[in-house]
Every structure is written in structure tokens, then in C-alpha cells.
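# A look at the structure
Each chain, letter by letter, is given below.
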Amino acid sequence: MNKLFSGLLTIFILYLAGCDMGKNVYKVDYNDSHSFAHPKDAVVKHLDLDLNVDFSAKKLSGKVSLLFDNTGHVSELHLDTRDLNIQEVTMGEDNEPTTFRLGDEVAYLGQPLVINITPTTKRVNIRYETSPGAAALQWLTPEQTAGGKQPFLFTQSQAILARTWIPCQDSPGIRITYSARIQTEPQLMAVMSAENPTEKSSDGVYNFTMKQPIPSYLLALAIGDLQFSSLGERSGVYAEPSVIDKAAFEFSDTEKMIAAAEKLYGPYRWDRYDIIVLPPSFPFGGMENPRLTFATPTILAGDKSLVALVAHELAHSWSGNLVTNANWNDFWLNEGFTTYFEHRIMEEVYGVQYADMLAVLSFHDLQKTLTQTGPEHEDTHLFLNLGGRDPDDGMTAIAYDKGHFFLRTLEKAAGREKWDAFLRSYFDKFAFTSMTTEVFLSYLKKALFTTQTQQTEARLDAWVYGPGVPDNAALSESEEFSKVESEMQKWLAGAAANSITTTDWTTHHWLHFLRSLPQGLSKNQMLALDNAFKLSKSGNSEIMHAWLLHVVANKYDRGYAALEHFLTSMGRRKFLKPLYTQMMKTPGMVQMAKLIYSKARASYHPISVTTIDEILSWGI
Ligand code: BES
Ligand code: ZN
């Protein structure tokens with residue numbers, strides 16, 4: 001009898017575990033040291049934005065109305081702001097007057113805006129304007145655009161910059177829907193991370209709705225002389241008129257990528273997937289703003305060879321935008337998963353050889369970062385400790401490439417079929433919610449690695465809470481790259497540069513070649529490569545960047561014009577940072593770094609300026 005009872009009890013407990021007892025088993029702790037919000041007291045659910053765009057004053061001004069759940073029946077609402085001018089705050093549908101205060105300024109975080117409310121208040125209305133130096137906004141003069149005739153504005157809210165253009169609860173663990181009315185000049189088109197127009201309006205007014213709940217770092221706006229070109233049923237591209245055809249050609253495989261992604265990990269839940277090509281000062285390669293990826297023009301290589309970036313930003317529609325890191329310490333849940341997923345999409349669309357090359361390049365990036373950071377350093381843990389720091393510090397190859405190799409390792413241990421089913425269930429189960437590292441691990445243990453042996457063998461804790469790369473890593477090999485290495489050896493052993501076989505090389509072969517070259521090439525060796533392969537004239541930004549690192553390190557003066565041109569014609573931080581760093585490390589190149597930077601600085605985005613100022617000790 002007793003036995004029967006305990007047997008039934010066990011079955012009952014297992015049943016409860018199976019249905020997760022509601023969702024309580026996976027309790028996400030939303031504590032976020034990078035936000036002043038108190039979401040446990042009152043949590044914002046929806047924003048209504050109404051903004052006027054003033055290009056000459058470099059200001060957005062208007063109103064935001066925030067709808068929130070006052071679950072704690074509190075009498076204060078705490079929001080994040082930075083460099084905002086708060087003009088007036090009212091409560092409720094009828095704009096009842098109330099008072100507010102701005103707290104002390106904290107580095108990176110800005111100031112808390114504390115609004116006095118009543119326990120039944122559901123809405124606050126804030127009249128405000130941004131400051132010309134708002135870190136999320138880049139205001140471009142016509143000269144800084146492709147067309148040269150109209151100004152351009154774009155936002156970049158990740159990681160904690162949304163608060164520099166909208167007072168909000170700026171934490172990735174909090175999700176909101178939004179509507180927006182944007183008033184700009186009639187010759188410009190406005191687009192957002194929302195349902196978008198495909199034509200200019202006659203009066204410069206645009207209305208947007210975003211019905212899927214998103215974290216604040218995905219709030220986005222771009223305004224310029226834009227044109228739309230359809231890529232297929234669900235996708236299209238926005239760009240300035242002189243760039244639109246090139247962009248439409250480059251991204252013509254987008255529908256295939258969406259289909260591949262859905263086949264792998266379930267439905268695309270954002271209706272449309274469009275891409276906007278921004279002017280060259282955009283500080284990132286891409287930004288996964290929902291429904292509308294923001295992209296740098298430096299991926300328009302003319303041969304589609306840099307479209308892994310599209311696969312990456314598209315993959316964020318699952319990892320990141322659907323299941324979101326709850327905290328910036330969990331950043332690898334966004335970027336590691338996305339890098340892994342990006343490679344799987346590339347494998348589906350372009351084959352396994354291509355994906356193998358990407359994986360080897362990813363491992364190189366990881367090793368480089370480990371060497372630079374120190375293999376035992378805390379910052380090489382997947383789970384980060386960014387308290388008191390700028391969350392931007394977490395944007396390293398650790399989150400991306402160590403995260404990617406961790407998931408490859410799990411895939412190998414589980415077998416692809418089981419692993420894919422697991423990942424698909426993860427996206428389904430946690431869609432439109434936030435995720436912590438801890439909850440991910442507990443779900444992994446419940447749904448995939450159920451035995452103690454499996455868990456120990458996977459070395460989960462070593463990967464997540466330890467430094468470096470554990471020795472069970474599922475490494476990658478590329479036959480194509482082995483060929484590149486043997487050609488490189490021939491050349492290093494004295495064969496003429498134009499005698500080595502490079503005819504079938506793609507951008508990735510070249511990248512591997514350039515990244516694997518030894519340090520310290522002679523002037524003659526640099527000349528031989530340049531003459532044979534016209535590297536200083538490359539039209540491919542990734543190849544140019546890899547080549548210029550050698551130009552700087554070896555002080556190859558015939559490449560200086562290309563170096564200066566590259567650094568003054570785009571502002572992508574991933575390219576700027578290593579080049580300026582290398583110049584500062586190379587005796588005799590410091591002056592040149594400062595000279596080029598003094599010319600380029602005004603055209604770089606505030607995000608890149610912050611980084612490069614530090615490298616050059618600018619203004620100190
Ligand atoms: N979400 C990131 C960009 C980002 C991260 C901006 C953290 C601000 C803070 C985006 O998805 C990304 O990873 N972009 C990469 C391209 C990608 C192919 C590795 C970039 O911009 O280089
Ligand atoms: Zn990413």
C-alpha cells in the first residue's frame with residue numbers, strides 16, 4: 001500500500017515537472033544593475049510616442065505616454081533617462097498634473113526619472129526633448145550620406161541607449177508594445193522597428209505600430225531619403241536611391257534564409273523581415289531591430305560574400321528578439337545562440353564547406369580574444385559580471401564565438417536531431433519572454449541532458465562559469481582552408497606570389513590567408529602580395545581590413561593612402577578599433593593615427609567615438 005502510494009506520488013511529481021507547474025520551475029530573476037527601473041513594483045507594458053524631428057537643432061521633441069501595470073500599488077514610477085530634457089509630466093487619460101524628480105547622474109546609466117503617481121494610476125504622459133549629443137542618435141549632414149542632398153538620422157539603442165531618446169524602463173527583461181507618430185520633413189521617409197511604409201508620405205508624418213512585445217533596446221528609428229525594393233513575399237530592402245539596386249542584389253537570398261531558419265527552429269513570428277542599409281558611419285555591422293535589420297553598407301561587396309551578417313541578424317529574430325537575455329550579463333544567450341544559428345542558416349543555404357570556413361574563422365576570433373584578454377580572465381566566462389561597467393564591454397568574441405562553440409559542443413554531444421528538437425522547443429516554450437543563463441541551464445538539464453553523466457561530460461559549468469575554452473570543445477576543420485594554408489606555405493618558402501593557386505578563392509579563403517600570415521612581413525613580401533593580388537585596392541571591406549592590419553604592423557607605406565581612405569570613409573567600430581589599436585602599438589604610427597582621427601572623428605558615431613577616444617587617449 002505504502003509502496004503503491006509512493007509510486008503514485010513519484011508519478012505525480014514527474015507529471016508536475018513535465019508540465020512545469022505553470023512556469024514556476026523556470027523562475028527568471030530580472031534584477032538588472034544597468035537600469036533604475038523597479039519592475040517588481042510597476043512594469044511598463046506599452047508606449048505611445050509622438051515625436052517631431054528637428055534636423056537643424058539635432059533634436060527629437062514631443063511626448064511619450066507609458067501604460068503600465070502598477071502591480072505593487074506604488075506611488076512612484078521609476079524610469080531610465082540619460083541626457084533628456086524632461087519638460088512636463090502628467091497622469092492618466094485626462095492629463096492630471098503631477099510632479100517628478102531626476103536623480104543623480106551615474107556614469108553610463110544616466111539619471112532615474114521618478115514620477116509621483118497614485119496606486120491606481122495606469123498611464124503617465126511625458127513631454128520631453130533629446131539633447132544634440134544623445135548617444136543613441138546620429139544626425140548626419142547631407143554630405144555624410146550616399147546621395148549628398150538630404151540629411152539622415154538613425155538610432156542605435158542597444159545596449160542601454162534607448163534612454164537617451166525615450167524615457168523608459170530600459171532593461172532587456174521588460175517587454176513593451178508600441179505605437180509612434182513621427183513628424184519629419186516631407187522629402188524624407190521614416191522607418192522603425194515596427195510595421196513600415198514603403199512610400200514617402202506627402203506631409204512627412206508617419207504612423208507606426210509594433211504589436212509584438214519587445215525589449216527597449218530594440219526600439220529603433222531611421223529617417224532619410226529612402227527607397228524600398230521588394231525581395232520577395234515577406235522581405236525587402238530600404239536604402240538611399242543610389243544604393244538600392246546594389247543592396248537588392250546583395251540581399252537577394254534573404255527569402256531562402258528565412259525559409260532555412262524556419263525549417264530549423266520554427267515559425268518567423270514578426271510578419272515581415274526587411275533590411276535597411278544605413279550610411280557608412282553606422283557603428284555596427286548589423287543590428288537586429290525587429291522587422292527591420294539595420295545594416296552597414298560595408299557588407300555590399302558586390303558578390304554576396306558578406307551576407308552571413310544577414311543570416312546573423314535574421315537569426316536574432318529567434319535568439320534575442322523572441323527569447324531575450326534578461327540581463328546584459330547573459331549577453332551570450334543572445335549572441336552565442338545567434339552566431340550558432342547564423343552558421344546553421346549558412347550551412348542550409350550555401351552548404352557545409354561554407355559553414356566550415358565560417359566556423360574556423362570564428363575559432364580564430366575566439367583565440368585572438370583569449371590571448372588579448374588573458375585565458376584565465378573573468379571576462380572570458382560566458383556568464384559575465386558587468387555590474388558597474390558599461391554593458392558594451394561584454395561585446396567581445398567570448399559571447400559570440402565561445403558561446404557558439406559551447407552550443408556546437410552540446411550539439412555534438414546530443415546528436416543533431418535531438419539538439420535541433422530541443423532548440424526548437426526552447427524557442428517555442430520561451431517565445432516573447434526573457435531568459436537567464438541559470439534558467440537556460442536548468443531547462444537544458446530537464447529537456448536534453450537528463451542524466452548526471454551527460455551533464456558532467458558536457459562540462460556545462462566549466463563552459464559557462466569558467467575561463468577559456470574547455471577541452472571538450474567541438475572544434476572545426478575546413479578542407480578549403482587546408483588548401484589555403486599549403487599555398488601560403490609555398491609562398492613563405494619562396495615561391496612567387498602570382499604562382500600560388502588562388503583562382504577559386506572566395507572572400508573567406510582570402511580572410512583565412514590574411515589572418516594566418518605571420519607577423520613581421522618584409523617590405524618586399526608586402527609588395528609582392530600587393531602587386532599580385534591588388535590588396536590595397538580591394539573593394540571588399542573585410543579583406544581590406546585584414547590587409548590593412550598588416551599594412552600598419554609592417555609599416556608598408558604604399559598602403560597608407562588606402563588606410564587613410566578606409567578610416568575616413570566608414571565608421572564601423574569592428575574595423576576602426578583593431579586598426580587604431582594596431583597603430584598605437586606600432587612605433588612611428590601614433591602620429592598618423594592621431595592625424596587621421598582628427599579628420600575622421602566628427603563623422604564617426606558617438607559609440608565609435610567613445611571607443612576610439614579611449615584607445616588614443618583623446619582629449620586627455
Ligand atoms: N546585436 C548586435 C550588435 C550590438 C551588440 C550592438 C551589443 C550593441 C551592443 C548585432 O547582432 C551584431 O552582433 N552585429 C555584429 C555582426 C555580426 C555578423 C557578428 C556587428 O555589428 O559586427
Ligand atoms: Zn548579434
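Note that the structure is predicted; figures quoted are calculated from it, not measured. Every chain's residues receive numbers from 1 upward, in the order its sequence appears when written. The naming scheme follows written order: chains are lettered A onward, ligands numbered 1 onward. Residue-level local features of this predicted model are given only where pLDDT is at least 70; pairs of side-chain atoms are given and counted only at 80 or more, and the full residue set underlies all totals for whole chains, interfaces and linings. In computing side-chain values, all of the structure's heavy atoms are included and hydrogens and water are not.

Next up on the list: the site of ligand 1. Taken together, 18 residues lie near ligand 1, and Gln-158, Gly-285, Glu-288, Glu-313 and Tyr-400 sit nearest. Whenever a nitrogen or oxygen atom comes within 3.5 Å of another N or O atom, the pair is scored as a polar contact, on the condition that within protein one atom can donate a hydrogen and the other can accept it, and that pairs from neighbouring residues in sequence are kept only if both atoms are in side chains. Contact distances for ligand 1 include 2.8 Å between an oxygen atom and a side-chain N or O atom of Glu-313. At 2.9 Å from an oxygen atom of ligand 1 is found a side-chain nitrogen or oxygen belonging to His-316. The method behind every accessible area is Shrake-Rupley, applied with a 1.4 Å probe, and residues are considered shielded solely by the protein chains displayed. Coverage of ligand 1 by the protein chains reaches 90% of its 530 Å² of free accessible surface. What counts as a helix is a DSSP run of H or I of at least four residues, what counts as a strand is a run of E of at least two, and both are numbered from the N terminus. Those elements that place two or more of their residues in the shell around ligand 1 are strand S18 (286–287), helix H4 (308–315) and helix H5 (331–350). The near set for a molecule or strand comprises every residue that places at least one heavy atom within 4 Å of it.

With that settled, consider the packing of helix H15 (residues 541–553) against helix H17 (residues 573–585). Here H15 crosses H17 at 10°, and the two axes come no closer than 9 Å. The angle between H15 and H17 falls in the class roughly parallel. In contact with Ser-541, Glu-542, His-545, Leu-548, Leu-549, Val-552 and Ala-553 of H15, H17 contributes Lys-574, Phe-575, Pro-578, Leu-579, Gln-582 and Met-583. Three residue categories are used. Nonpolar comprises Ala, Val, Leu, Ile, Met, Phe, Trp, Tyr, Cys and Pro, charged comprises Asp, Glu, Lys and Arg, and polar comprises the others, including Gly. Looking at the contact of H15 with H17 residue by residue, the classes come out as 8 nonpolar, 3 polar and 2 charged. To define axes, lines are fitted to C-alpha atoms, for helices over the stretch in contact only, and angles between the resulting N-to-C directions are given on a 0 to 180 degree scale. Roughly parallel means an angle under 35 degrees; roughly antiparallel means over 145; roughly perpendicular covers 65 to 115; every other angle is labelled oblique. Residue contacts are counted whenever heavy atoms from the two residues lie within 4.5 Å of one another.

We count a salt bridge whenever a side-chain nitrogen from Lys or Arg sits within 4 Å of a carboxyl oxygen from Asp or Glu. One pass over the structure, following the stated rule, counts 33 salt bridges. Close ionic contact of Arg-163 with Asp-170 constitutes a salt bridge, the shortest N to O distance being 2.9 Å. Arg-163 sits in the buried class, given a relative accessible area of 0%. Linking Lys-574 and Glu-542 is a salt bridge whose minimum nitrogen-to-oxygen distance equals 2.8 Å. Remark: Glu-542 occurs in helix H15 and Lys-574 occurs in helix H17; sequence separation between them is 32 residues. For each residue, the accessible area found with a 1.4 Å probe, counting protein chains only, is set against the maximum for its type, and the residue is called buried under 20%, exposed over 50%, and partly exposed in between. Its relative accessible area of 44% is what places Lys-574 among the partly exposed residues. Put simply, Arg-344, Glu-347, Glu-411, Arg-416 and Asp-420 are held in one network by salt bridges that share partners.

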